[in-house]
Amino acid sequence: MTPLKNIQEKRKKLLYHYKILVEDSYNWRETDSALSDIQEYNAIKTLEEINLLNFLSRS
């Protein structure tokens, strides 16, 4: 597998994980704000990694 394909596959997995984290954060917002904040923090960190991979895969 080429490095570009590896980057794209990892980005796709991280994007799926990011969407789950954002949804979980939203769902926890009303009942447990601390857990919501933790999920949101993890989503932000995942988004940073996605943006880095987008930068690396740019042509």
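All values reported here derive from a predicted model rather than from experimental measurement.

### Examining the overall build of the protein
Piece 1. Looking only at helices and strands, the protein has two helices and zero strands in total.
Piece 2. Taking 59 residues into account, the globule formula puts the C-alpha radius of gyration at 10 Å, and the protein, at 14 Å, lies well above it.
Piece 3. Projected onto the principal axes, the alpha-carbon positions of the protein cover approximately 45 × 15 × 10 Å.
Piece 4. Considering only residue pairs separated by 6 or more positions, the protein has 62% of its internal contacts joining residues 24 or more positions apart.
Piece 5. Approximately 4,800 Å² of the protein is accessible, and the part contributed by carbon and sulfur atoms is 56%.
Piece 6. Averaged over its 9 positive side-chain charges, the protein has a centre that lies 14 Å from the centre of its 9 negative ones.

### Some words on the environment of Tyr 26
Piece 1. Within the fold, Tyr 26 resides in helix H1 (residues 3-28).
Piece 2. Sequence separation of Tyr 26 and Ser 36 is 10 residues, and the distance between their C-alpha atoms is 6.9 Å.

### Focus on the environment of Pro 3
Piece 1. Within the fold, Pro 3 resides in helix H1.
Piece 2. With relative accessibility at 62%, the residue Pro 3 sits in the exposed group.

### Considerations on the packing of H1 against helix H2 (residues 33-56)
Piece 1. At a closest axis distance of 8 Å, the pairing of H1 and H2 adopts a crossing angle of 160°. The orientation of H1 relative to H2 falls into the category roughly antiparallel. With respect to the hand of their crossing, H1 and H2 are arranged in left-handed fashion.
Piece 2. Across the contact of H1 with H2, the residue classes break down as 13 nonpolar, eight polar and five charged.

Definitions and limits used
- In this convention, every chain numbers its residues from 1, walking through the sequence in written order.
- Local features in a predicted model are, by the rule used here, given only for residues with pLDDT of at least 70; side-chain atom pairs are given and counted only at 80 or more, and totals for whole chains, interfaces and linings are based on all residues.
- Side-chain measures here rest on the full set of heavy atoms in the structure, leaving out hydrogens and waters.
- Under the DSSP-based scheme used, a helix requires at least four consecutive residues in state H or I and a strand at least two consecutive residues in state E, with every element numbered from the N terminus.
- Note on method: radius of gyration uses C-alpha positions; expected globular size equals 2.2 Å times residues raised to 0.38.
- Throughout, a residue-residue contact means that at least one pair of heavy atoms, one from each residue, lies within 4.5 Å.
- Here the open area of atoms and residues is found with the Shrake-Rupley method and a 1.4 Å probe, where only the protein chains shown may cover a residue.
- When charges are counted, neither His nor the chain ends are considered; positive counts come from Lys and Arg and negative counts from Asp and Glu.
- One atom stands in for each charge, and that atom is NZ of Lys, CZ of Arg, CG of Asp or CD of Glu.
- Think of it in three bands: residues with accessible area under 20% of the maximum for their type are buried, residues over 50% are exposed, and the middle band is partly exposed, with areas taken using a 1.4 Å probe on protein chains only.
- Note on geometry: axes are C-alpha line fits, over the in-contact stretch for helices, and angles between N-to-C directions span 0 to 180 degrees.
- If an angle is under 35 degrees, it is roughly parallel; if it is over 145, roughly antiparallel; if it lies from 65 to 115, roughly perpendicular; otherwise it is oblique.
- Two helices that cross are described as forming a left-handed crossing if the nearer one is turned anticlockwise from the farther one by less than a right angle, and a right-handed crossing if clockwise.
- When residues are sorted by character, Ala, Val, Leu, Ile, Met, Phe, Trp, Tyr, Cys and Pro go into the nonpolar class, Asp, Glu, Lys and Arg into the charged class, and all the rest, Gly among them, into the polar class.

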